[in-house]
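Listed below, chain by chain, are the residues.
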Amino acid sequence: MGTHAMKIAVLPGDGIGPEIVTEAVKVLQVLGLDIEFEQALVGGAAYDVTGEPLPAVTLELAKAADAILFGAVGGPKYDSLPRPKRPEQALLGLRKELNLFANLRPAIVYPELAEASSVKTEIVAGLDILILRELTGDIYFGQPRGIRTNESGDREGFDTMRYSEPEIRRIAHSGFRAAMKRGRKLCSVDKANVLETSQFWRDVVIAVGKEYPEVELSHMYVDNAAMQLIRNPKQFDVIVTGNMFGDILSDEASMLTGSIGMLPSASLDASGKGMYEPIHGSAPDIAGQGVANPLATILSAAMMLRYSLNQDAAAERIEAAVKKVLAQGFRTPDIYQSGARKVGTQEMGEAVLAALKG
Ligand code: NAD
């Protein structure tokens, strides 16, 4: 370990955010690592106090930290605010200001929870794949875009799909680096048979791949990838793709697992600094009841240790502890099956702590 403490910015946010983040911080605290935590307001909670969803002090804290642990933002109370004041703007602001262009979403199916999937158990049991989505480019941001009247006098909508070489290179590097930490297989997903942008994407990924001879690189068209994710998802290790294809495929992959309360995510910059959060939202329907599943956030903390803090062994300890509590039968209501031990947020957190110590 280095001589200076690792600094983690803790941004709990709204709804169930504070409940689940509290459990994840407790887990990080028992690992015996030199970590300093500093908490700040974000989202609706920040708006209530400061009038801004992403106050300058919160952004500064996030910038100064080695990594950010984020809960969730949003709630019905804020839905009628003008767009710049909405809680979700905090997420967009953090991604933009911190240059978080690589979104990592693992889809893991624990054997005990395989029946929650809408796909046949034998197809998903034991699944462990990672989808890496480029987050700041592509047709979502390409200019020009708009709605206009064309030369025939008809109104039309148009967007521009665009990826520059540096944008592709950096997400490709993230993909190869992630593959090196896992099963050393990378599948790049594109639509190179139809799109120029995709043909260029493929060429650049192949060029970057020369620097990672240990990683087995393959390519797949996005329509086939959508099919293969349902047909035989275990064929994949890491998938890397652009913003729009990744948007769709990562949601598809999350459904393979069937349990939104279990899925972590990370958004990284070029140096590996990142923001870590569950994929779910602030769940206003169950906020304050102590029943939210904290495991997605605890697993996000494990990703933080692996991808930003270079503490792979500690990440594996957390992941093993989560597997253990599931095997022991602990279940929050969202993943409850009859015969299991139904627990609340705090008891689930304590079960993970006990598994870490045991
Ligand atoms: P949601 O993910 O908050 O909830 C969807 C359903 O899943 C709800 O029934 C909820 O109770 C359940 N759920 C979610 N997380 C759970 C957990 N950890 N344990 C148990 N059950 C859980 O999505 P939504 O209802 O569409 O959105 C609610 C609010 O969250 C909105 O304001 C939305 O904008 C916001 N949101 C924020 C983020 C984020 O902060 N990254 C992401 C998505 C939605």
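Residues numbered from 1 in each chain as written. Predicted model: local features only at pLDDT ≥ 70, side-chain atom pairs only at ≥ 80, totals over all residues. Heavy atoms only, no water.

## Describing the layout of surface pockets
And then number 1: If you add up the space inside the largest pocket, you get close to 550 Å³.
And then number 2: Lining the largest pocket we find 25 residues, and of these Leu91, Arg95, Arg105, Glu277 and Ile279 sit closest to its centre.
And then number 3: Every element with two or more residues in the lining of the largest pocket is listed here: strand 3 (67–72), helix 4 (88–97), strand 4 (102–108), helix 9 (243–257) and strand 12 (274–278).
And then number 4: Ranked by residues supplied to the lining of the largest pocket, first place goes to helix 4 with five residues.
And then number 5: Grouping the amino acids of the lining of the largest pocket by side-chain chemistry returns nine nonpolar, seven polar and nine charged.
And then number 6: Both of domain 1 (1–101 + 263–358) and domain 2 (118–257) provide at least three residues apiece to the lining of the largest pocket.
And then number 7: Space inside the second largest pocket adds up to approximately 400 Å³.
And then number 8: Mapped onto the lining of the second largest pocket, the elements with two or more residues apiece are strand 4, strand 5 (128–134), helix 10 (295–307) and helix 11 (312–327).
And then number 9: In the lining of the second largest pocket, the residues fall into eleven nonpolar, two polar and nine charged. (1 Å grid on protein atoms, 1.4 Å probe; cavity = no way out; pocket = protein on both sides within 12 Å on 5 of 7 lines; lining within 4 Å. Points joined across faces, edges and corners; volume = space filled by probe spheres on them. Helix = DSSP H or I, 4+ residues; strand = E, 2+ residues; numbered from the N terminus. Nonpolar A, V, L, I, M, F, W, Y, C, P; charged D, E, K, R; others polar. Domains from an automatic or database assignment.)

## Comments concerning the pairing of strand 1 (residues 6–13)
And then number 1: Counting buried positions along strand 1 yields seven of eight residues, so the element is predominantly enclosed.
And then number 2: As judged from the five bridges shared by strand 1 and strand 2 (residues 35–39), these two strands associate in the parallel manner. Note that in strand 2 the partner of Ile8 across the bridge is Phe37.
And then number 3: In this view, the connection linking strand 1 to its parallel neighbour strand 2 by way of helix 1 (residues 17–29) has right-handed handedness.
And then number 4: Sheet topology places strand 1 next to strand 3; five bridges connect them, and they run parallel. Bridging across to strand 3, Ile8 finds its partner in Ala67. (Buried < 20%, exposed > 50% of the residue type's maximum accessible area, 1.4 Å probe, protein only. Pairing = 2+ DSSP bridges. Right-handed = clockwise from strand over helix to strand, strands pointing away.)

## Describing the site of the ligand
And then number 1: Taken together, 20 residues surround the ligand, and among them Glu88, Gly281, Ala283, Asp285 and Asn293 come closest.
And then number 2: Here an oxygen atom of the ligand sits 2.9 Å away from a polar atom, N or O, in the main chain of Val73.
And then number 3: When the free accessible area of the ligand is taken as 800 Å², the share hidden by the protein chains comes to 68%.
And then number 4: Residue composition of the shell around the ligand, grouped by class: nine nonpolar, seven polar and four charged. (Near = heavy atom within 4 Å. Polar contact = N/O pair within 3.5 Å; in protein donor to acceptor, adjacent residues only side chain to side chain. Areas by Shrake-Rupley, 256 points an atom, 1.4 Å probe, with all protein chains shown as cover.)

## Some words on the side chain of Arg306
And then number 1: Along the chain, Arg306 falls in helix 10.
And then number 2: Residue classification places Arg306 among the buried residues on the basis of a relative accessible area of 11%.
And then number 3: Those residues in contact with Arg306 that lie beyond four places of it in its chain are Lys181, Gln311, Asp312, Ala315, Glu316 and Glu319. (Contact = heavy atoms within 4.5 Å.)

## Focus on empty space enclosed by the protein
And then number 1: Considering all chains together, one arrives at three cavities of 30 Å³ or more under this definition.
And then number 2: Roughly 70 Å³ of volume is contained in the largest cavity.
And then number 3: Together, Asp138, Met161, Tyr163, Val189, Asp190, Thr197, Ser198, Trp201, Gly242 and Phe245 line the largest cavity.
And then number 4: For the lining of the largest cavity, the secondary structure elements donating two or more residues are strand 8 (185–190) and helix 7 (196–209).

## Remarks on the domain arrangement of the protein
And then number 1: Along its sequence, the protein is carved into domain 1 (1–101 + 263–358) and domain 2 (118–257).
And then number 2: Computed from C-alpha atoms alone, the centre-to-centre distance between domain 1 and domain 2 is 26 Å.
And then number 3: Each partner contributes residues to the interface: domain 1 has twelve residues there, and domain 2 has 14 residues.
And then number 4: In this assembly, domain 1 packs against domain 2 so that about 990 Å² is buried in total across both faces, 61% of it on carbon and sulfur atoms.
And then number 5: It is Phe101, Leu263 and Tyr307 in domain 1 that bury the most area against domain 2; as a group they hold 58% of the surface buried on that side.
And then number 6: A salt bridge links Asp312 to Lys181; its shortest N-O distance comes to 3.1 Å.
And then number 7: For the interface between domain 1 and domain 2, the tally reads three residue pairs in polar contact (both at pLDDT 80 or more).
And then number 8: Along the lines of polarity and charge, the residues of the side of domain 1 that touches domain 2 split into six nonpolar, three polar and three charged. (Buried area = accessible area lost by both parts, 1.4 Å probe. Salt bridge = Lys/Arg side-chain N within 4 Å of Asp/Glu carboxyl O.)

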